[in-house]
Amino acid sequence: MTTGHLVKAADFKFSFNLPTLIEFGYGKSVELGQRLQKLGVKQVFLVTDKGVESAGLLAGLTRSLEKSEILFDIFTGVEPDPSLETIKNGYEVFGQEVYDCIVAVGGGSPIDTAKGIRVVAANGGSIGDFAGVNRVPVAPTIPLIAIPTTSGTGSEVTMFGVYSDWQNNVKVTVTSPYIAPTIAIVDPALTMSLPAKMTAASGIDALAHGIETYFSILSSPASDALAMEAIHMVNGHLRSAVERGHEVEARVGLSHGSLLAGMAFNNGFLGLTHAIGSALSGHCHVPHGVAIGLLLPSVIEFNAAALPEKAARIAEQMGVKGENQEALASQAGGAVASLVESIGLPTRLREVGVTEEKLADIAKDSFKSGMMKMNPRQPSDDEVLALLKAIL
């Protein structure tokens, strides 16, 4: 059995940044109006998508705003994996009125869209102009409230925004503390009606956030602690949330695990799974969570060779029993693969329409992602291509 490793006092140094205030609790979202009243907000630009709207998830929020006499307009023009053009369109609508707050309701796509609109409102230009690390020059002055309706992206607490550049078949990431939401209101009640397939895809993304952060070369004692608990919570509740979505305990546990994973990777960053996943989604339009589920088991096996102790601890959090580190480390990828299969996600690339002729371009473009640099074991082009071929 592995245990937490000891560190030398001289090496025990780290920084941890979480600029977002977190409000977590079942039913918390109906307090939105009261929270905004305290901030002096008068008029809200509410960013969401048509799926959230048609599911009736805005009803409690809009009643809360009306009760607090706060005006609002709703922008629903958000698609999965929002494009650079979507941010432009959203900003043009935003500019038609004088709003003093943006509220994002939904999964990662509406939250990232709201992040992008807010950055462009403060800085001008296109959101693509700020791709990279710390390239947003001016901090927005109006607050952004993020209210997730899925348990997976962690976008409600992160300083990242991910956008699709369909012209070049790539995703671009904006990384800046200026893009992080002001307040995250995490209400598991809003996830209760999430369909099983979306619960599975978003949940496996949350698991990957914990695992990739734990493996990251930028991990720290603080991010490790959050990542370990995130892996434990997601593994413990994801199957139940997929199979019995009406169970409050499962939804609360999964929401908590997703939140912890977001807090972790906001500081530890991600790695090879998300680097390849970004290219896979860019070239083949595979939904993000599905792409992550396809890749994660193989990447764990790849990284276990470099960090067997960490792979062993991941296996433990996944419920694997073993007498020594080598045995545990060898089972970590398989434990995640079993979870992916048990929740009904695809396990082969061909199941989502990926053909062999696409693999070389996907492998090549995965190296355009800055997340590749955070992986503890740096792959060659051939190794990434071999990984993709093995799961075709």
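Here the structure is a predicted model, which means the values were calculated and not measured.

(A) Quick peek at the sheet that holds strand β3 (residues 71-75). Spatially, β1-β9-β6-β4-β2-β3 is the arrangement adopted by the 6 strands of the open sheet, whose pairing is parallel. Sheet topology places β1 (21-24) and β3 at the edges, where each strand pairs with a single neighbour. The mean inter-strand angle of the sheet, taken between neighbouring strand axes irrespective of direction, is 20 degrees. Of the strand pairs in this sheet, strand β2 (residues 43-47) and β3 are connected by 5 bridges, and their pairing is parallel. Following the sheet pairing, Phe45 is matched in β3 by Asp73. Its contacts with the sheet put helix α5 (residues 108-123) on β2, β4 (101-106) and β6 (144-148), and the angle it makes with β4 is roughly 160 degrees.

(B) Expanded view of helix α4 (residues 84-94). Within the span of α4, buried status applies to Thr86, Ile87, Gly90 and Phe94. Axial view of α4: buried residues confined to an arc of 100 degrees, hence all on one face. Considering only its buried residues, α4 is in contact with β2, β3, β4, α5 and β7 (160-165).

(C) Structural view of unusual backbone geometry. Phi is positive for Phe269, close to 65 degrees, though the residue is something other than glycine. As for its position among the elements, Phe269 is in the loop between α8 (248-268) and α9 (272-284). Residue class for Phe269 comes out buried when judged on its relative accessible area of 19%. Phi is positive for His285, close to 55 degrees, though the residue is something other than glycine. Within the fold, His285 resides in the loop between α9 and α10 (288-304).

(D) Structural view of the pairing of β2. Taken across its 5 residues, β2 has 5 buried, putting it largely inside the fold. Every second residue of β2 is oriented toward a common face, with Gln43, Phe45 and Val47 on one face and Val44 and Leu46 on the other, all of them buried. For β2 and β4, the ladder comprises 4 bridges, and the chain directions are parallel. In the sheet register, Phe45 faces β4, and the bridge partner there is Ile102.

(E) Molecular detail of the sheet that holds strand β5 (residues 132-133). If you trace the 3 strands from one edge of the open sheet to the other, you get β5-β8-β7, paired in mixed fashion. A strand with exactly one partner marks an edge of an open sheet, and here the two such strands are β5 and β7. Relative to strand β8 (residues 170-175), β7 runs antiparallel, the two being bridged by 6 bridges. Each residue of the ladder has a partner; that of Tyr163, found in β8, is Val172.

Analysis parameters
- Residues numbered from 1 in each chain as written.
- Predicted model: local features only at pLDDT ≥ 70, side-chain atom pairs only at ≥ 80, totals over all residues.
- Heavy atoms only, no water.
- Pairing = 2+ DSSP bridges.
- Helix = DSSP H or I, 4+ residues; strand = E, 2+ residues; numbered from the N terminus.
- Axes fitted to C-alpha atoms, helices over the stretch in contact; angles between N-to-C directions.
- Contact = heavy atoms within 4.5 Å.
- Buried < 20%, exposed > 50% of the residue type's maximum accessible area, 1.4 Å probe, protein only.
- Arc of directions from axis to C-beta.

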